[in-house]
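For reference, the chains in residue letters:
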Amino acid sequence: AVRNGEPGCVPAGVLSLVVGVAGTEQAAAGHTADFYQGVLQRVSAVPGVQSVSGISHLPLAGDEWGFPFHIEGRPPEPPGKELVATYRAVFPGYFRTMRIPVLRGRDVSDAEHRRAPGVVVINDYLARRYWPGEDAIGKRITFDDPAKNPSWLTVVGVTKNTARANWVSPPEEEVFLPYLQNRTYLDTPSPPFAYLTLVVRTGLDPAALAPAIRGAIHSLDRNTPLSEIQTMDHVAAEANGQSRFYLVLLGAFAAVALVLAGVGIYGVLGYSDSRRTDVIGIRLAWGAQGRDVRKV
């Protein structure tokens, strides 16, 4: 589906915005999780909001963070050939809000916190590539060194492949980790980790709902920085527009190459005709007949 220019989700009706805690008291260790959960609760209570969730960095927005991973029970890959997956952290309800089908298993839940066993949701491409003909649910991967007491993550869900930086690139491996289990995002008080992108689905005009959502967040902390407030339709159009631009640019170069090739062929034929004209003139001067000239 992604190859055919479909994003794998439903952007219409969704507003996205970035909530930052960098440089605020909310960024202190132990406060970030409670603050983000409070933000989600306040926004979910806004009239017209159907569902709300959060993600570390939004697909289609150009952020691609890849990390090496290892599969339990398999020998490590040699240097330079490590398995790599695009890595995102999500709150429960992200797939429902973005209308990304969970093909097998389940979404992450509120039960997945720091003290709970680690879990991960993967995309269908990763599942099919590394467990062909098998059910990936229950398999385990790690982002740690498997030889040094790693933290293993159990696959609990498999989602439909979604577009990332644009709509035309083929799918690649992608993993989604519970935000509330991710110490990097919860305990790092500085960019690029001290941010959360909210996705808010509504049956109304999402852009018109922006002031109410901004007010709900600032009712929790009026100093919270908010940025990149935009509809997912706009985000998707920007990503798709870039792909279209490259296709148009490629087509323009192809057209120029075709014109140059035509001019070159015309020049060669013209030069050949001019040489033939000289030969014909010489033969006529020496008394050649018309039928002889036509053979040239």
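What you are looking at is a predicted structure, and each value in this text was computed from that prediction instead of being measured.

### Side note on the overall build of the chain
Scanning the chain from terminus to terminus reveals 7 helices and 11 strands. The proportion of buried residues among the 296 residues of the chain is 41%. The contacts of the chain with a sequence gap of at least 6 include a subset with a gap of at least 24, amounting to 76%. Total accessible area computed for the chain in this model is approximately 15,700 Å², and 56% of it derives from carbon and sulfur atoms.

### Some words on the side chain of Ser 51
Note on placement: Ser 51 falls in strand β2 (residues 49–55). According to the relative accessible area criterion, Ser 51 is buried, its value standing at 9%. At 3.1 Å, the side chain of Ser 51 forms a polar contact with the side chain of Thr 97.

### Notes on the side chain of Thr 97
As for its position among the elements, Thr 97 is in helix α2 (residues 94–98). If near-sequence neighbours (up to four positions away) are discounted, Thr 97 is found in contact with Val 14, Ser 51, Val 52, Ser 53, Val 199, Val 200 and Arg 201.

### Re the nonpolar core
Counting residues in hydrophobic clusters, the biggest one holds 47 residues, and the most contacted among them are Ile 122 and Leu 198. Examining the composition of this core, we find that 6 residues originate from one element, helix α1 (residues 32–44), more than from any other. Filtering out sequence-adjacent residues up to four positions away, Leu 198 remains in contact with Leu 15, Ser 16, Leu 17, Val 19, Val 39, Leu 40, Val 43, Ser 53, Gly 54 and Ile 217. Listed in part, the 20 residues of the second largest apolar core include Leu 58, Ala 163, Phe 176 and Met 232.

### Some points on the pairing of strand β1 (residues 14–20)
In terms of burial, β1 is a largely internal element, 7 of the 7 residues being buried. Of the two faces of β1, the one carrying Val 14, Ser 16, Val 18 and Gly 20 and the one carrying Leu 15, Leu 17 and Val 19 are both buried. Where β1 and strand β10 (residues 195–202) come together, 7 bridges link them in antiparallel fashion. Looking across to β10, one finds that Val 14 is bridged to Arg 201.

### Brief notes about the packing of α1 against helix α5 (residues 210–218)
Between α1 and α5, whose axes approach to 9 Å, the crossing angle comes to 140 degrees. Judged by the inter-axis angle, α1 sits oblique to α5. As for the relative orientation of α1 and α5, their crossing is right-handed in sense. Two secondary-structure elements touch here, α1 through Val 39, Arg 42 and Val 43 and α5 through Ile 213, Ala 216 and Ile 217. For the contact of α1 with α5, the class distribution of residues is 5 nonpolar, no polar and 1 charged.

### A word on the confidence of the model for the chain
Of the residues in the chain, 76% reach a pLDDT of 70 or more, and the chain-wide mean stands at 84. Note on residues 241–249: pLDDT is under 50 here. Beyond four places in sequence and across chains, it has 3 contacts.

### Considering the environment of Leu 83
Position of Leu 83 relative to the elements: it lies in strand β4 (residues 83–90). Separated by 13 residues in the primary sequence, Leu 83 and His 70 place their C-alpha atoms 6.8 Å from one another. In contact with Leu 83, other than residues within four places in its own chain, are Phe 67, Pro 68, Phe 69, Ile 71, Glu 77 and Tyr 130.

### Topic: the packing of aromatic side chains
Given two aromatic rings, one states the distance between the centres and the angle between the planes to describe the pair. The full count for this structure, using the stated rule, is 14 aromatic pairs. The interplanar angle of 50 degrees and the centroid separation of 4.7 Å between the aromatic rings of Phe 67 and Tyr 87 together place this pair among those described as tilted. Of this pair, Phe 67 sits in strand β3 (residues 66–71) while Tyr 87 is found in strand β4, placing the two residues 20 residues apart along the sequence. Residue classification places Tyr 87 among the buried residues on the basis of a relative accessible area of 10%. When the centroid spacing of 5.8 Å and the interplanar angle of 85 degrees are considered together, the rings of Phe 69 and Tyr 130 count as edge-to-face. A residue pair is termed long-range when its members are at least 10 positions apart, and Phe 69 in strand β3 and Tyr 130 in helix α3 (residues 124–130) qualify at 61 residues. Put simply, the rings of Phe 35, Tyr 36, Trp 65, Phe 91, Tyr 179, Tyr 185 and Phe 193 touch in pairs and so form one group of aromatic residues.

### Some words on the environment of Gly 138
Looking at the element boundaries, Gly 138 is found in the loop between α3 and β7 (140–142). For Gly 138, a relative accessible area of 44% gives the class partly exposed. Ignoring anything within four residues of it in the chain, the contact list for Gly 138 reads Thr 154 and Val 155.

### A short note on the pairing of β3
Taken together, the 4 bridges between β3 and β4 define a ladder with antiparallel strand orientation. Its bridge partner being in β4, Gly 66 is matched across the sheet by Thr 86. With 2 bridges connecting them, β3 and β7 associate as antiparallel partners. In the sheet register, His 70 faces β7, and the bridge partner there is Thr 142.

Criteria and thresholds
- Residues numbered from 1 in each chain as written.
- Predicted model: local features only at pLDDT ≥ 70, side-chain atom pairs only at ≥ 80, totals over all residues.
- Heavy atoms only, no water.
- Helix = DSSP H or I, 4+ residues; strand = E, 2+ residues; numbered from the N terminus.
- Buried < 20%, exposed > 50% of the residue type's maximum accessible area, 1.4 Å probe, protein only.
- Contact = heavy atoms within 4.5 Å.
- Areas by Shrake-Rupley, 256 points an atom, 1.4 Å probe, with all protein chains shown as cover.
- Polar contact = N/O pair within 3.5 Å; in protein donor to acceptor, adjacent residues only side chain to side chain.
- Core = buried A, V, L, I, M, F, W, Y, C linked by side-chain atoms within 4.5 Å.
- Pairing = 2+ DSSP bridges.
- Axes fitted to C-alpha atoms, helices over the stretch in contact; angles between N-to-C directions.
- Parallel < 35°, antiparallel > 145°, perpendicular 65-115°, else oblique.
- Left-handed = near helix turned anticlockwise from the far one by under 90°.
- Nonpolar A, V, L, I, M, F, W, Y, C, P; charged D, E, K, R; others polar.
- pLDDT = per-residue confidence, 0-100.
- Phe/Tyr/Trp six-rings, centres within 6.5 Å; stacked < 30°, edge-to-face > 60°.

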